Amino acid sequence: MTDDTARGGPLSGVLVADFSRILAGPYATMLLADLGADVIKVEGPRGDDTRSWTPPARGDTATYYLGVNRGKRSIALDLRDAGDAAAARELARRADVLIENFKPGGLARFGLDYAAVRAANPGIVYSSITGFGSGAGRKVPGYDLMVQAISGLMSLTGDPGGPPYRAGISVFDVMAGNHAAIGILAALRHRDATGEGQLVEVNLLSSALTGLVNHSSAYVAGGTVPYRMGNAHPSVFPYEPLPTADNDLIVTAANDGQFRKLCVVLGIPDVPDDPRFSTNADRTANRAELRPILVERLKRRGAVEWFELLVDAGVPSGPINTIDGGFAMAERFELDPVVVVGEGGRAVPTTRHPIRFSRTPATYRLPPPGLDEHGAELRQWLSQPQEANGSEEDDRG
């Protein structure tokens, strides 16, 4: 392993062959790269679609692509070309992990499906991300917006009398990427204990249904089909934006103690003793009576002033920021949300890995790669004899 790819981290020494594109797979492999894995991003001759998803852009590259591809090396392979397909199979043979999000069966004609890769590399952890699984939903293309609609999320998002809305991000792509990373780590742990690789399947619809948490449980366990309530919560009040003298403020007094503290700060300390509002169930049932009482007090100050007072009192609340305000708040809380990856003209600001480790911190060694940036060195490496999973040599690059 050369100095360019040597790195610390809990996944140091793990080689990931990344045949994924767009968001779910690249997000998962970026997380693995941050933790020390050597991730080789395999792209088609035209590159990952997100390279051109603009605006916005940084230089000639879409910020979408930059946001989920740090820490990787890129090789462009045309799988329809016999030589490139052979190189791809050799990479799969050497890898500890292969991740892909082609349509189910899409890689079989290139000898890169799980069965073929496992035959050459029995220890492989092979992660497949699809939209709707490898069974009856195998032919349905998987895009996040489709899953937001099909899963029911859009029916829960928006004003009660208005149309359904998508979430502001591709929430289930991100969730599926997290699930893929969890599955890969669990499978690596199993392989460490037994020597056995395995297939790890993730699909966006299953990620969506588990991610709907309390709403899924309302239906599965309670037989209730929930519908959109705007910004209100079906089971807790107050747990929504409330108007102040200037802007709305999120107030989430989710238990009796927090509600009592809220009322003390608002100057209405006797309200929690009202039997209509004494418990969360009471407050939720009588929200129409309680909301005007809270709003009347909140209208006396601005959102930021209330935020400071409520947080000091131990009441969860927050202003509704734009993205720049969110990063500013993270800076205020000493979370250091931005890291710079690369040097000189290649330096790219990016968001910090979300997990903190006391002994093996995340590393940010490589900026998002240019298309085929590392192709020559990787082709040369793949042309040299080596056993699967680097068992004979540890010379990945």
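Residues numbered from 1 in each chain as written. Predicted model: local features only at pLDDT ≥ 70, side-chain atom pairs only at ≥ 80, totals over all residues. Heavy atoms only, no water.

## Observations concerning the overall build of the chain
At step 1: On a plain count of helices and strands, the chain comes out with 14 helices and 13 strands.
At step 2: Taken along the three principal axes of its C-alpha coordinates, the chain extends 80 × 50 × 40 Å.
At step 3: Out of the 397 residues in the chain, the part that is buried amounts to 46%.
At step 4: For the chain, the share of sequence-separated contacts (at least 6 apart) that also reach a separation of at least 24 residues comes to 67%.
At step 5: In the form shown here, the chain has an accessible surface area of approximately 19,200 Å², with 54% of it arising from carbon and sulfur atoms.
At step 6: Each charge class in the chain was averaged separately, 40 positive and 48 negative side chains, and the resulting centres sit 3 Å apart. (Helix = DSSP H or I, 4+ residues; strand = E, 2+ residues; numbered from the N terminus. Buried < 20%, exposed > 50% of the residue type's maximum accessible area, 1.4 Å probe, protein only. Contact = heavy atoms within 4.5 Å. Areas by Shrake-Rupley, 256 points an atom, 1.4 Å probe, with all protein chains shown as cover. Lys, Arg positive; Asp, Glu negative; His and termini not counted. Charge placed at Lys NZ, Arg CZ, Asp CG, Glu CD.)

## Focus: the packing of aromatic side chains
At step 1: All chains considered together, the criterion is met by 2 aromatic pairs.
At step 2: Where Trp53 meets Tyr64, the ring centres are 5.1 Å apart and the plane angle is 85°; that geometry is what we call edge-to-face. Highlighted residues: Trp53 in the loop between strand S2 (38-43) and strand S3 (57-58) and Tyr64 in helix H2 (residues 63-66), separated in sequence by 11 residues.
At step 3: Overall, Trp53 belongs to the partly exposed group, its relative accessible area being 34%. (Phe/Tyr/Trp six-rings, centres within 6.5 Å; stacked < 30°, edge-to-face > 60°.)

## Re the side chain of Asp96
At step 1: Along the chain, Asp96 falls in the loop between helix H3 (82-94) and strand S6 (97-100).
At step 2: On the accessibility criterion, Asp96 (4% relative accessible area) is buried.
At step 3: Among the polar contacts made by the side chain of Asp96, one reaches the main-chain amide nitrogen of Leu15 at a distance of 2.7 Å. (Polar contact = N/O pair within 3.5 Å; in protein donor to acceptor, adjacent residues only side chain to side chain.)

## A word on the environment of Met146
At step 1: With respect to the helices and strands, the residue Met146 is situated in helix H5 (residues 144-151).
At step 2: In this structure Met146 touches Phe132, Val140 and Pro141, once residues within four positions along its chain are discounted.

## Looking at the sheet that holds strand S7 (residues 125-130)
At step 1: Strand order across the open sheet formed by 6 strands is S5-S2-S1-S6-S7-S8, with parallel pairing between neighbours. Where the open sheet ends on each side, the last strands, each with one partner, are strand S5 (72-76) and strand S8 (198-203). Strand after strand, the sheet turns through a mean of 20° between neighbouring axes, direction not considered.
At step 2: Two strands pair when backbone bridges link them, and strand S1 (residues 15-19) and S2 are joined in this way by 4 bridges, in the parallel orientation. Residue Ala17 lies in a different strand from S2, and its bridge partner there is Ile40.
At step 3: Those strands touched by helix H1 (residues 24-34) are S1, S2, S5, S6 and S7, and its axis lies near 165° from that of S1. (Pairing = 2+ DSSP bridges. Axes fitted to C-alpha atoms, helices over the stretch in contact; angles between N-to-C directions.)

## Focus on the packing of helix H9 (residues 256-266) against helix H12 (residues 303-312)
The geometry of a pair of packed helices is captured by two quantities: the angle between their axes and the separation between those axes.
At step 1: Put simply, H9 and H12 touch, their axes get as near as 10 Å, and they point 130° apart. Classified by the angle their axes make, H9 and H12 are oblique. Of the two elements, H9 crosses H12, and the hand of that crossing is right-handed. Only Trp306, Leu309 and Leu310 of H12 make contact with H9, whose side of the interface consists of Leu262, Val265 and Leu266.
At step 2: A per-class count over the contact of H9 with H12 returns 6 nonpolar, no polar and no charged. (Parallel < 35°, antiparallel > 145°, perpendicular 65-115°, else oblique. Left-handed = near helix turned anticlockwise from the far one by under 90°. Nonpolar A, V, L, I, M, F, W, Y, C, P; charged D, E, K, R; others polar.)

## What to know about a nonpolar patch on the surface
At step 1: Together, Tyr219, Val220, Val225 and Tyr227 make up an exposed nonpolar region whose accessible area comes to about 490 Å².
At step 2: Locating Tyr227 in the fold gives a position in the loop between helix H8 (213-220) and strand S9 (239-243). (Patch = residues over 30% accessible without salt bridge, like charges linked within 9 Å, V, L, I, M, F, W, Y side chains within 5 Å. Salt bridge = Lys/Arg side-chain N within 4 Å of Asp/Glu carboxyl O.)

## Some thoughts on the side chain of Asp34
At step 1: Within the secondary structure, Asp34 sits in helix H1.
At step 2: In this structure the side chain of Asp34 is engaged in a polar contact, spanning 2.6 Å, whose partner is the side chain of Arg70.
At step 3: Side-chain polar atoms of Asp34 contact the side chain of His353, separated by 2.9 Å.

## Focus: the pairing of S1
The side chains of a regular strand alternate between both faces of the sheet.
At step 1: When you tally the buried positions in S1, you get 5 out of 5 residues, the bulk of the element.
At step 2: Burial along S1 is two-sided: the residues Leu15, Ala17 and Phe19 and Val16 and Asp18 are all buried.
At step 3: With respect to chirality, the unit in which S1 leads through H1 into the neighbouring parallel S2 is right-handed.
At step 4: The pairing of S1 with S6 spans 4 bridges and is classified as parallel. Of the residues in S6, the one forming a bridge with Val16 is Val97. (Right-handed = clockwise from strand over helix to strand, strands pointing away.)

## Considering the confidence of the model for the chain
At step 1: On average, residues of the chain score 94 in pLDDT, and 96% of them are at 70 or above.
At step 2: Across residues 1-7 the pLDDT falls below 50, and counting only partners more than four positions away or on other chains, this stretch makes 20 contacts in the model.
At step 3: For the stretch residues 390-397, pLDDT sits under 50, and the model shows 25 contacts to residues farther than four places along the chain or on other chains. (pLDDT = per-residue confidence, 0-100.)

## Some details on the packing of H5 against helix H7 (residues 204-211)
At step 1: The contact between H5 and H7 brings their axes to 10 Å, and the two run at 50°. Of the possible angle classes, the one that applies to H5 and H7 is oblique. The handedness of the crossing between H5 and H7 is right-handed. Residues Asp144, Val147, Ile150 and Ser151 of H5 lie in contact with H7, whose contacting residues are Leu204, Leu205, Ala208 and Leu209.
At step 2: When its residues are assigned to classes, the contact of H5 with H7 shows 6 nonpolar, 1 polar and 1 charged.

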